[in-house]
Amino acid sequence: WREYANGGVRGKICVVFEFGRLREMLNQTLGSGHAALLYNGLHCHQIFSLNYGIVEYVDWDEHRANVEHLPNPLRYTYLKGTRFALEKELRISLSTLGLGQFALNDGTLMAFPSTLQMQLDYRAALAGGAIRQILRAPDCDAAFLEAELARFRISPAPGSDPA
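About the thresholds
- Residues numbered from 1 in each chain as written.
- Predicted model: local features only at pLDDT ≥ 70, side-chain atom pairs only at ≥ 80, totals over all residues.
- Heavy atoms only, no water.
- Helix = DSSP H or I, 4+ residues; strand = E, 2+ residues; numbered from the N terminus.
- Rg over C-alpha atoms; globule rule 2.2 N^0.38 Å.
- Buried < 20%, exposed > 50% of the residue type's maximum accessible area, 1.4 Å probe, protein only.
- Contact = heavy atoms within 4.5 Å.
- Areas by Shrake-Rupley, 256 points an atom, 1.4 Å probe, with all protein chains shown as cover.
- Lys, Arg positive; Asp, Glu negative; His and termini not counted.
- Charge placed at Lys NZ, Arg CZ, Asp CG, Glu CD.
- 1 Å grid on protein atoms, 1.4 Å probe; cavity = no way out; pocket = protein on both sides within 12 Å on 5 of 7 lines; lining within 4 Å.
- Points joined across faces, edges and corners; volume = space filled by probe spheres on them.
- Nonpolar A, V, L, I, M, F, W, Y, C, P; charged D, E, K, R; others polar.
- Arc of directions from axis to C-beta.
- Salt bridge = Lys/Arg side-chain N within 4 Å of Asp/Glu carboxyl O.
- Polar contact = N/O pair within 3.5 Å; in protein donor to acceptor, adjacent residues only side chain to side chain.

1. Points about the overall build of the chain
- Each helix and strand in the chain was counted, giving three helices and eight strands.
- In sequence order, the secondary structure elements of the chain are arranged as β-α-β-β-β-β-β-β-α-β-α.
- The C-alpha radius of gyration computed for the chain amounts to 20 Å, which surpasses the reference 15 Å derived for 163 residues by more than 25%, pointing to a less compact arrangement than a globule.
- Projected onto the principal axes, the alpha-carbon positions of the chain cover approximately 55 × 45 × 30 Å.
- A burial count over the chain gives 23% of its 163 residues as buried.
- Of all intrachain contacts in the chain linking residues separated by at least 6 positions in sequence, the fraction that spans at least 24 positions is 64%.
- Carbon and sulfur atoms form 52% of the exposed surface of the chain, whose accessible area is close to 12,300 Å².
- Charged side chains of the chain number 16 positive and 17 negative; the gap between the two group centres comes to 4 Å.

2. A few points about the environment of F144
- Structurally, the position occupied by F144 is in helix α3 (residues 142-151).
- Sequence separation of F144 and C44 is 100 residues, and the distance between their C-alpha atoms is 40 Å.

3. Remarks on the layout of surface pockets
- Taken as a whole, the largest pocket encloses approximately 840 Å³ of empty space.
- In terms of lining residues, the largest pocket is bounded by 28 residues, among which V15, F17, E89, L90 and I92 are the most central.
- For the lining of the largest pocket, the secondary structure elements donating two or more residues are β1 (13-17), α1 (19-30) and β7 (90-95).
- Of the residues belonging to the lining of the largest pocket, the class tally is 19 nonpolar, three polar and six charged.

4. Some thoughts on α3
- Where α3 is concerned, the buried positions are A142, L145, E146 and L149. Mapping the buried residues of α3 onto a view down its axis gives an arc of 95 degrees, with all of them on the same face. Facing away from the buried surface of α3 by more than 90 degrees, the exposed residues are A143 and R151.
- The inward-facing, buried residues of α3 contact β1 and β8 (131-136).
- Of the residues one or two after α3, R153 is the one with positive phi, at around 60 degrees.

5. Re the pattern of salt bridges
- Summed over the entire model, instances satisfying the criterion amount to eight salt bridges.
- In this structure, the salt-bridge partner of E18 is R132, at a minimum N-O distance of 3.5 Å. Here E18 is found in the loop between β1 and α1, whereas its partner R132 is found in strand β8, with 114 residues between them in sequence.
- Residue R132 is classed as exposed on the basis of its relative accessible area, which comes to 52%.

6. Observations concerning the side chain of K80
- Relative to the elements of secondary structure, K80 occurs in strand β6 (residues 79-81).
- Residue classification places K80 among the buried positions, given a relative accessible area of 16%.
- One polar contact links K80 to E89, side chain to side chain, over a distance of 2.7 Å.
- Apart from residues no more than four positions distant in its own chain, K80 is found in contact with V55, E56, Y57, V58, W60, E87, E89 and R91.

The following block contains the structure:
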């Protein structure tokens, strides 16, 4: 509770995932026949891959990843400064080929934003066991959390802590 979401006005929550089921769910979502890439309203081939890894905490002032040869560019996604080491972070990233540019059939180059997001259906994740539980820190505004979850038709399981 000390390492994340400091400074929030409504307290903190923790979503506990079952990694194997989450990975299966995300891979299926992005898998062939389940995902579509829309670019300016056009359907394109799905070009993205999911990557999973434990963050390696390094001394930013001293670390050099390319000592003998250039590493896979994704490696940098999983590096973080040692001051964050207590976080023990798992990251999931979305990537595609790192060379060249992608073009439409008419030759128009695709310009991607600096960040992309992938949707997660939280209700399906709860129902399928990818989300095991939602924990509340002692400073959590429980009534607000329950109201927000209710907006998405997510209610506490029997035996859960009362709001």
